[in-house]
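Chain residues, written in single-letter form:
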Amino acid sequence: MNPESQKQYSPSIWNKRLPVDQVVPAHGEFLAKKSDQARQKLPTYTFKFSESDPEQSIEIAFLNPNSFSVSDLKNSFNFNGRKIFVYLHGGYWQWGSFKDSIFMSENFCSKNIITVAIGYTIAPNASMSEIFNQVERAIAKILENSGNSEIYICGHSAGGHLATMHNSRVRNI
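First, a word on scope: everything that follows refers to the structure included in this document. Keep in mind that this is a model prediction, so the values were computed, not measured.

**So, the nonpolar core**
Core analysis: the biggest nonpolar cluster contains 25 residues, and Ile58, Ile60, Phe79, Val116 and Ile118 have the highest contact counts within it. Residue assignment for this core shows that the elements contributing at least two residues are strand S1 (44–48), strand S2 (57–61), strand S5 (83–88), strand S6 (113–118), helix H5 (128–144) and helix H6 (158–169). The element contributing the most residues to this core is H5, with six residues. Contacts of Val116, omitting those with residues within four sequence positions, involve Ile58, Glu59, Ile60, Phe79, Ile84, Phe85, Val86, Tyr87 and Ile142. Grouped together as the second largest cluster of nonpolar side chains are seven residues, Ala38, Ala61, Phe98 and Cys109 included.

Here is the structure:
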């Protein structure tokens, strides 16, 4: 890639606060710290789709215990009609985790919006098709338990791509 294109397509280069090689690790540390802080203040529930791959999970953060209920016997949960913000992490499909993706949940939960972070196996341990199928399975589980809840699905970078792929395949969301 020529230097001008590299500059245009590499936001890390634009950063003025940190050396280029420290930008992405610092971003990851920030997300992990803020997610851990949210976890200390809010109740959360993690639903695992795979025991062998813990990244195939969703983490649900909520403010009020009445806004969410879990039935472990049925492997189901109920959002009790609350709005749901679903977030897919970025990271070039090769980095990131649902564990570092509830950093925004305090803000949403303060407005009675449940936050759900979706995890997926990252490349090269999974193909794009496998990653997308894992995301589809997680969203289907959320929809299955959503009742009359309004659902907002979004993501950052690779997660935004996955959310767009999902949203483009669904006609009535």
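**A look at the sheet that holds S5**
If you trace the five strands from one edge of the open sheet to the other, you get S1-S2-S6-S5-S7, paired in mixed fashion. Of all the strands in the sheet, just S1 and strand S7 (151–155) have a single pairing partner and so form its edges. For this sheet, the mean inter-axis angle between neighbouring strands, taken without regard to orientation, is 20 degrees. Taken together, the five bridges between S1 and S2 define a ladder with antiparallel strand orientation. Each residue of the ladder has a partner; that of Thr44, found in S2, is Ala61. The strands that H5 touches are S1, S2, S5, S6 and S7; relative to S6, the one it contacts most, it runs at about 155 degrees. Sheet contacts for H6: S5 and S7; angle to S7, the most-contacted strand, approximately 135 degrees.

Rules of the game
- Residues numbered from 1 in each chain as written.
- Predicted model: local features only at pLDDT ≥ 70, side-chain atom pairs only at ≥ 80, totals over all residues.
- Heavy atoms only, no water.
- Core = buried A, V, L, I, M, F, W, Y, C linked by side-chain atoms within 4.5 Å.
- Buried < 20%, exposed > 50% of the residue type's maximum accessible area, 1.4 Å probe, protein only.
- Helix = DSSP H or I, 4+ residues; strand = E, 2+ residues; numbered from the N terminus.
- Contact = heavy atoms within 4.5 Å.
- Pairing = 2+ DSSP bridges.
- Axes fitted to C-alpha atoms, helices over the stretch in contact; angles between N-to-C directions.

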